[in-house]
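# Inside the fold
Here is how the chains run, residue by residue.
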Amino acid sequence: MDFVQNFPFMSIILSLFSGPLSSILSGKWAKRVNTAVIVIIGIMSACVLGYVTGTGEEFIYCMGHFPAPWGNEIRVGELEAFMAVFFCAIMLLSMLGGIKERLTQIEESKQNLYYIMVNLLLCSLLALIYTNDLFTAYVFVEINTISACGLIMIRQNGRTFEAAIRYMIMSLLGSGLLLLGICFLYSVTGHLLMSNIRQQVQLLAASGEYHIPLLVALGLMSVGLAIKSALYPFHSWLPDAYGYSTVSSAAILSSLVSKGYIFLLIKIFYRVIGFEMVCDSKVIHVLYVFGIMGMIMGSVNAIQENNIRRMIAFSSVAQIGYIYMGLGLGTEAGVVASVYHVLSHAATKSLLFVAASGLTDASGGKVRFEDLRGAGYRHRLAGIAFTVGSLSMVGLPMFSGFISKLLFSQEAVGHNHKMLPTLIALAVSTVLNAVYFMKTVIMIYMPASKDTEASRQGRNIAMAEQPGKSVALICFIILNLMLGLSSEPIIHLIQNGLEMFY
Amino acid sequence: MNLTNLMNNYVEAVAMILFGIGFTNLLLQKNLIKKIVGLNIMDTATYLFLALKGYIDGRKAPVVVDGVQSVETYINPIPSGLVLTGIVVSVSVTALMLSLTIRLYRRYHTLDLDEISTLLRKEGK
């Protein structure tokens, strides 16, 4: 066994232990430990990615060296390793972009608690990505929920408490359903490791036994994870949670937490139930319909919103809808498009949150649109970054959002029944996206009239004044352009990774 | 309709009904404490279901006594282990929910989530 194969396990353990360690450190040191941990894990994951692409096949790491049906396993393929690298990068940039906000919005004595939450969140995300065991996945789903709740309520005001409790309620409903689905699957197949369950499910599918319990288990797990990742009708907690928490939390929650659940769901589809069987079931049609509804309704809600951060939050609902719509198409290429959209949305949404916080800084902390007039001139980099993010969300060529929309529509064209609704929904949603994002971009580049309250409170912010945010914004823009301009290798990697899932 | 299967597995049916009760309580109750009670009913119902799946009639708990090592003597220990893990998880989320409820109650002097939302909207922040 090569030494590199230990890295996935080490990165999970490293982030897990750095959490409790942060509790005895001061806020400043906790921040340093956190940054170091994210960077180290990112580098280790990159090594793993290089290793897996080199050998061209996945490897399985037995925890405690107990063999398959008894022990717990970590399974690493190309897609898992790539996701780990990508999540680390986004997390690092999101943390970098919100340094100043964290210092002002979080009480002095609670600074280090924030980093405990972030470390545990990273640990649970990595575990969700790598694990090959369904019950381990459930436990880490709960850890993920608890730490995400901590990230929401660390900025203490009434809104965040309410958002946190709503988030907890919805998440617990989701994880209850997920747990019940896992219990059903266990009682039918007698295994908890994904690969073993898959063998049993294939046998059962061949013999036609237990068809309904399997379908129920699949439905429970899909709905549970869909609720947790804020698919349209279950999104009520989302705008408050993203809109009022501190900016790093909002960026991490929108771009990583919900994506971890979606990645787990894709893993369940491929590695537990088997994708053909998922496609034959009716479950994907349900996901498809709710995805389409989310694409439209999320955008409609975003248009009505007058608060820039809540608007971005509602836009997340629409983008999650895209991802589920892609899964609901029920084809390999649809899933590739969904995974690509996971990446593109993660890169763009965190960019938008960080840029929006830069714009509100330049407008005296105001978040309403009328107060943001001319903010693009007062904070030039944030203005440019917001424009890039908006164009990417609308789906202009060169930016990452374009590629995912292209992939979605390419896939939909070949589809029998779902072609027309998909294309119509894509078109309508793009127009709606354009309405609210372009409205905001025009607003921030409108010259501010001299005598409004906003222009009196607003001030010019140079790039050097907020070094963390500037670096994060520039990196986000580059990441976005990279995803948009050189998508071919990434799509290829996703395809390879999905093939390794079998 | 064949009811014998239902009669043979009536405890599983009870577990599912309890799960439904807990789920609807957690989703629909306005009072936060009742929501948390619902959460606990829901989790406990899942554990009941899991424990049932591991139980085999006429066998003992999987603790080796008197040197009997035959597999036929003991029940399946894995679901019991899962139940224990699940209990730990549900204790921690219950604690978190209760602490959040205390925070909200101290601030708004009510346990009604809808009322808290209206109060927040009046605050206008």
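In this report, we go over the structure that sits alongside the text.

### A word on the environment of Asp66(B)
All names here are of chain B. If you trace the backbone, Asp 66 turns up in the loop between α3 (32–54) and α4 (77–108). On the accessibility criterion, Asp 66 (80% relative accessible area) is exposed. For the pair Asp 66 and Arg 106, spaced 40 residues apart in the sequence, the C-alpha separation amounts to 57 Å.

### Focus: the pattern of salt bridges
All names here are of chain A. Enumeration over the complete set of coordinates arrives at 13 salt bridges over all chains. Asp 240 is the partner of Arg 310 in a salt bridge, and the nearest nitrogen-oxygen pair spans 2.5 Å. Note that Arg 310 is positioned in helix α14 (residues 308–328) and Asp 240 in helix α10 (residues 238–244), a separation of 70 residues in sequence. We note a salt bridge from Glu 370 to Arg 368, for which the minimum N-O separation is 3.8 Å. Using a relative accessible area of 43% as the deciding quantity, one classes Arg 368 as partly exposed. A single salt-bridge network, built from bridges that share partners, covers Lys 100, Glu 101, Asp 361 and Lys 469.

### Things to note about the environment of His492(A)
All names here are of chain A. Checked against the element boundaries, His 492 lands in helix α22 (residues 487–500). What makes His 492 partly exposed here is its relative accessible area of 48%. Spatially, the C-alpha atoms of His 492 and Val 336 are 9.3 Å apart, while their sequence positions differ by 156 residues.

### So, a nonpolar patch on the surface
All names here are of chain B. A cluster of nonpolar residues, Tyr 10, Val 14, Ile 17, Leu 18, Ile 21 and Leu 48, forms a patch on the protein surface that exposes about 520 Å² of accessible area. For the nonpolar patch, the element with the most residues is helix α2 (residues 10–28), which contributes 5 residues. Here Ile 17 shows up in helix α2. When its relative accessible area of 56% is taken as the criterion, Ile 17 is described as exposed.

Conventions we followed
- Residues numbered from 1 in each chain as written.
- Chains lettered and ligands numbered in written order.
- Predicted model: local features only at pLDDT ≥ 70, side-chain atom pairs only at ≥ 80, totals over all residues.
- Heavy atoms only, no water.
- Helix = DSSP H or I, 4+ residues; strand = E, 2+ residues; numbered from the N terminus.
- Buried < 20%, exposed > 50% of the residue type's maximum accessible area, 1.4 Å probe, protein only.
- Salt bridge = Lys/Arg side-chain N within 4 Å of Asp/Glu carboxyl O.
- Patch = residues over 30% accessible without salt bridge, like charges linked within 9 Å, V, L, I, M, F, W, Y side chains within 5 Å.
- Areas by Shrake-Rupley, 256 points an atom, 1.4 Å probe, with all protein chains shown as cover.

Any link to function would need more than the numbers given here.
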